[in-house]
Amino acid sequence: MQTKRTIFRSRGLPYLLLAPQLAITIIFFLWPAGQAVWQSFLREDAFGLKTSFVGLANYTRLFHSPDYLNAMQVTLVFAVSTAALAMILSLLLAVAVDRLIRASRWYTTLLVWPYAVAPAVAGILWWFIFNPTIGIMPYVLASVGISWNHLLDKGDAMLLVIVAAAWKQVSYNFLFFVAGLQSIPASLREAAAIDGAGPVKRFFTITLPLLSPTTFFLLVVNVVYTLFDTFPVIDATTEGGPAQATNTLVYKVYMDGFVGLDLGSSAAQSVVLMAIVISLTVVQFRFVERRVTY
Amino acid sequence: MAAITIENLGKTYTGGVSAVRGIDIDIRDGEFVVLVGPSGCGKSTLLRMIAGLEEITEGEVRIGERVVNRLEPAERDIAMVFQNYALYPHMSVRQNLSYGLKNRGTPKAEIARRVDEAARILEIGAYLDRKPRALSGGQRQRVAMGRAIVREPAAFLFDEPLSNLDAKLRVSMRGEIRALQKRLGTTSVYVTHDQLEAMTLADRLVVLRDGEVEQIGAPLEVYRRPVSTFVAEFIGSPAMNMLDGEVAGGTLRVGGASLPVGVAPGKVKVGMRAEDMRLAGLGETAIPARLAYVEELGAQRLGHFEVEGQRLIAAFPAEQALSDEIALTVDPSALHVFGADGRRID
């Protein structure tokens, strides 16, 4: 592909045009990130009276802390389950809508709505639905003999945050899957039908492989989402409990830093998260550009 | 291999739009039939109804002895070549060819034998392990053909398979398709909007217009005796000249000339092929014409004329000199006379 190059007469103008974006990036991203890195080498008392340089002590303590290792495990379970649930659900919806001819735009519009709901509001919504005292779902579940209490049961709590977080993400995935499905020429599926493949076989041998660029992109986006953007959902539903069962890495950063006031450890945790997101991004760019295009 | 019988076939979409109606075609075993017509005439719909990709709302399609109306595409024992080839982009050429056989549970050794055989016939053996995107348009076309022939189906269906190729490749692929079909002897239905492609490929032509059959016949038969002005103007290049005329007392008056004809009196349309036109000799009935411009085709030159405000094209040998005012004539036997409704009446 040929890129069009614009030639600027003065050397200053391009920099001037870039300046606002650069300023935002520097002030709101690079600077705090740099501060976090610096902070992660420091140790501060709870009242902020004394700060001392401790080198990598925050990190070594972190990786020896059972709480942190637990948070990692929780995050892994949470991220994988949420991404899987959100993607499978949205793919099913997308396939269903793709089969419609007339009403598909209506369904698409309706299915996109959850994305517009603020994460904290979504969290509250699910909190109400599943509230063991006043919620409708525990009542319904109790009538079929399932006792639900996410305030006491670790499994219930995890399930709740997974459902709440996945629900938010389904809309986003759905849109991409619908677009992906519509970009597969109908003649391919027709050719496969003539070639003797039934609907299920067609889906798994033709549609799914051709969707793989979309699927891979969404996988990375969803994992990043569950790792970093699910703070409001967790804060509004379980607050990391019970007994740390839903305390993910990003929620722990907040708890340790702003609630526990252990700023050094919190900063170290942020740096670890930063490293994770950077490596995920690298993986995405490498893969998307190479393997999954046709 | 099988005959295909189409009886009173019709397709009405929900909402009442009728795509095709009242189609009767008997396709003999081993015959190459071309469905031709302008875009929107229903030829693709008709083909897709035979394939089972479009639901039949009226009439019947039989492949061999079986009525296939309610059968899935896979059960109809047909293979189709699509306009955009519809090769599976994530599979190698070999996988593309064997996909249909694998789905039918053909033994591995048999698949390998048939794929190799098809690759040999189509000369695509060298790139069996490539993905479709690594192939040129002509090679993709061959793979699409290969996918059809490995199946050894009762019939081939072609949906404008050459329209994505450049002009030169189109001509050579056309020849190959014809030769291949003759060799395999498989019944074939071929859709195109290109009348030249239709003429050169077909055992029999089916000219479609607005969802109905206008004429069925061997290419030359259709060319020599078009049943209507529509067919006359659609088949043949340049399009047949069509002048307004009037018949009175056994004499046709057209373009300032009088010719004897045996049709009922009244207003008529008179068709004349460009190659049937020639310069009038002394004493011959002549149509006076004014030369507008000349198109040089190399082997011949096409004179574009104006006759009583109507356009007329005549073909001449390359060395023929043409003056601005000229007298043209045509043998009465080469005239095509159509009534006011566009139907042939002579």
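With an unreviewed UniProt entry as reference, chain B is termed Sn-glycerol-3-phosphate import ATP-binding protein UgpC 1, source organism Pseudooceanicola nanhaiensis.

The name an unreviewed UniProt entry assigns to chain A is sn-glycerol-3-phosphate transport system permease protein UgpA, from the organism Pseudooceanicola nanhaiensis. In UniProt, chain A has this text filed under Subunit (unreviewed entry): "The complex is composed of two ATP-binding proteins (UgpC), two transmembrane proteins (UgpA and UgpE) and a solute-binding protein (UgpB)." Checking UniProt for chain A, the heading Sequence similarities (unreviewed entry) contains the comment "Belongs to the binding-protein-dependent transport system permease family."

All names here are of chain B. Within the largest apolar cluster, 55 residues are counted, with the highest numbers of intra-cluster contacts made by Ile4 and Leu35. If near-sequence neighbours (up to four positions away) are discounted, leucine 35 is found in contact with Ile25, Lys43, Leu46, Leu47, Val189, Tyr190, Val191, Thr192, Val206 and Leu208. Core analysis: the second largest hydrophobic core is formed by 46 residues, Val150, Phe156, Leu180 and Tyr223 among them.

For the structure on display, the rule yields 27 salt bridges over all chains. We note a salt bridge from aspartate 98 of chain A to arginine 189 of chain A, for which the minimum N-O separation is 3.1 Å. In this pair, aspartate 98 of chain A is assigned in helix 3 (residues 66-99) and arginine 189 of chain A in helix 8 (residues 186-194), connecting sequence segments 91 residues apart. Glutamate 176 of chain B is paired through a salt bridge with arginine 142 of chain B; the nearest N and O atoms lie 2.9 Å apart. Placement of the pair is glutamate 176 of chain B in helix 5 (residues 167-184) and arginine 142 of chain B in helix 4 (residues 137-150), with a sequence separation of 34 residues. Look at the salt bridges and you will find they share partners, linking Glu110, Arg113, Arg114 and Glu152 of chain B into a network.

What follows covers the UniProt feature "domain: ABC transporter" (unreviewed entry) in chain B. The feature "domain: ABC transporter" (unreviewed entry), as annotated in UniProt, sits at residues 4-235 of chain B in this numbering. Taken end to end, residues 4-235 of chain B is 37% helix and 25% strand, and its first and last C-alpha atoms sit 25 Å apart.

This brings us to the sheet that holds strand 9 (residues 204-209) of chain B. Within a beta sheet, neighbouring strands are joined by backbone hydrogen bonds and run either parallel or antiparallel to one another. All names here are of chain B. Read from one edge of the open sheet, 6 strands run 6-7-8-3-9-10, paired in mixed fashion. Edge positions in the sheet fall to strand 6 (78-81) and strand 10 (212-217), since each of these pairs with one other strand and no more. Looking at each pair of strands side by side, their axes are set apart by 20 degrees on average, direction ignored. Taken together, the 5 bridges between strand 7 (residues 155-159) and strand 8 (residues 187-192) define a ladder with parallel strand orientation. When the bridges of strand 8 are listed, phenylalanine 158 appears paired with tyrosine 190. Running over the sheet, helix 4 touches strand 6 and strand 7 and is turned about 175 degrees from strand 6.

Attention shifts here to the packing of aromatic side chains. A complete count under the given rule lists 22 aromatic pairs over all chains for this structure. Seen from their ring centres, phenylalanine 203 of chain A and phenylalanine 204 of chain A are 5.1 Å apart, and the 85 degrees between their planes marks the pair as edge-to-face. What links up through ring pairs into an aromatic cluster is the set Trp38, Phe41, Phe53 and Tyr59 of chain A. Here arginine 147 of chain B stacks its cationic end above the ring of tyrosine 88 of chain B, 4.7 Å away from the centre of that ring.

Residue and element names in this part refer to chain A. Quantified by volume, the second largest pocket comes out at close to 600 Å³. What lines the second largest pocket is a set of 20 residues, and nearest its centre among them are Pro32, Ala33, Ala36, Val253 and Ser270. Elements supplying a minimum of two residues to the lining of the second largest pocket: helix 1 (12-39), helix 11 (249-259) and helix 12 (263-290). When residues in the lining of the second largest pocket are grouped by element, the largest group, 8 residues, is from helix 12. Partitioning the lining of the second largest pocket into residue classes produces 15 nonpolar, 5 polar and no charged.

Moving on, we come to the sheet that holds strand 17 (residues 300-307) of chain B. Residue and element names in this part refer to chain B. A sheet is described by the order of its strands in space; here 5 strands give the open sequence 15-19-16-17-18, paired in antiparallel fashion. Only two strands of the sheet have a single partner each, and these edge strands are strand 15 (277-279) and strand 18 (310-317). Strand after strand, the sheet turns through a mean of 50 degrees between neighbouring axes, direction not considered. Two elements, strand 16 (residues 287-296) and strand 19 (residues 325-330), share 4 bridges in a ladder whose sense is antiparallel. Bridged to alanine 289 within strand 19 is isoleucine 326.

Residues and elements named next belong to chain B. Here 7 bridges tie strand 11 (residues 241-248) to strand 14 (residues 266-272), and the two strands are oriented antiparallel to one another. Looking across to strand 14, one finds that glycine 245 is bridged to valine 268. With 4 bridges joining them, strand 11 and strand 12 (residues 251-254) adopt antiparallel strand pairing. Bridge pairing in strand 12 places glycine 245 opposite valine 254.

Conventions adopted
- Throughout this description, residue numbers start from 1 for each chain and increase along the sequence as written.
- In the order they appear in the text, chains get letters beginning with A and ligands get numbers beginning with 1.
- Under the rules for a predicted model, residues below a pLDDT of 70 receive no local features and side-chain atom pairs below 80 are neither given nor counted, while totals for whole chains, interfaces and linings still include all residues.
- Remark: hydrogens and water are excluded; side-chain values derive from all non-hydrogen atoms of the structure.
- UniProt positions are given in the numbering used here, feature names are shortened, and annotations may be inferred rather than shown by experiment.
- Residues grouped as a nonpolar core are buried Ala, Val, Leu, Ile, Met, Phe, Trp, Tyr and Cys residues, joined through side-chain atoms within 4.5 Å.
- Buried, partly exposed and exposed residues are distinguished by accessible area as a fraction of the type maximum, computed with a 1.4 Å probe on protein chains only: under 20%, between the cut-offs, and over 50%, respectively.
- The contact rule is simple, with two residues in contact once any of their heavy atoms fall within 4.5 Å.
- Note on definitions: salt bridges are taken to be side-chain nitrogens of Lys or Arg within 4 Å of carboxyl oxygens of Asp or Glu.
- Put simply, DSSP H or I for four residues or longer makes a helix, DSSP E for two residues or longer makes a strand, and each gets a number counted from the N terminus.
- Any two strands with at least two DSSP bridges between them are considered paired.
- Angles shown run from 0 to 180 degrees and are taken between the N-to-C directions of axes, each axis being a line fitted to C-alpha atoms and, for helices, limited to the stretch in contact.
- Pairs were defined over the aromatic rings of Phe, Tyr and Trp, the Trp ring being its six-membered one, requiring ring centres within 6.5 Å. Orientation was assigned from the angle between planes: stacked under 30 degrees, edge-to-face over 60, tilted for the rest.
- Geometrically, a charge over a ring is one whose NZ (Lys) or CZ (Arg) sits within 6 Å of the ring centre while staying within 35 degrees of the ring normal.
- Only protein atoms enter the calculation, which uses a 1 Å grid: trapped sets of points that fit a 1.4 Å probe without letting it out are cavities, open sets showing protein on both sides within 12 Å along at least five of seven lines are pockets, and any residue with an atom within 4 Å of a point is a lining residue.
- Grid points are joined across faces, edges and corners, and a volume is the space filled by probe spheres set on the points.
- Residue type decides the class: Asp, Glu, Lys and Arg count as charged, Ala, Val, Leu, Ile, Met, Phe, Trp, Tyr, Cys and Pro as nonpolar, and the leftover types, Gly among them, as polar.

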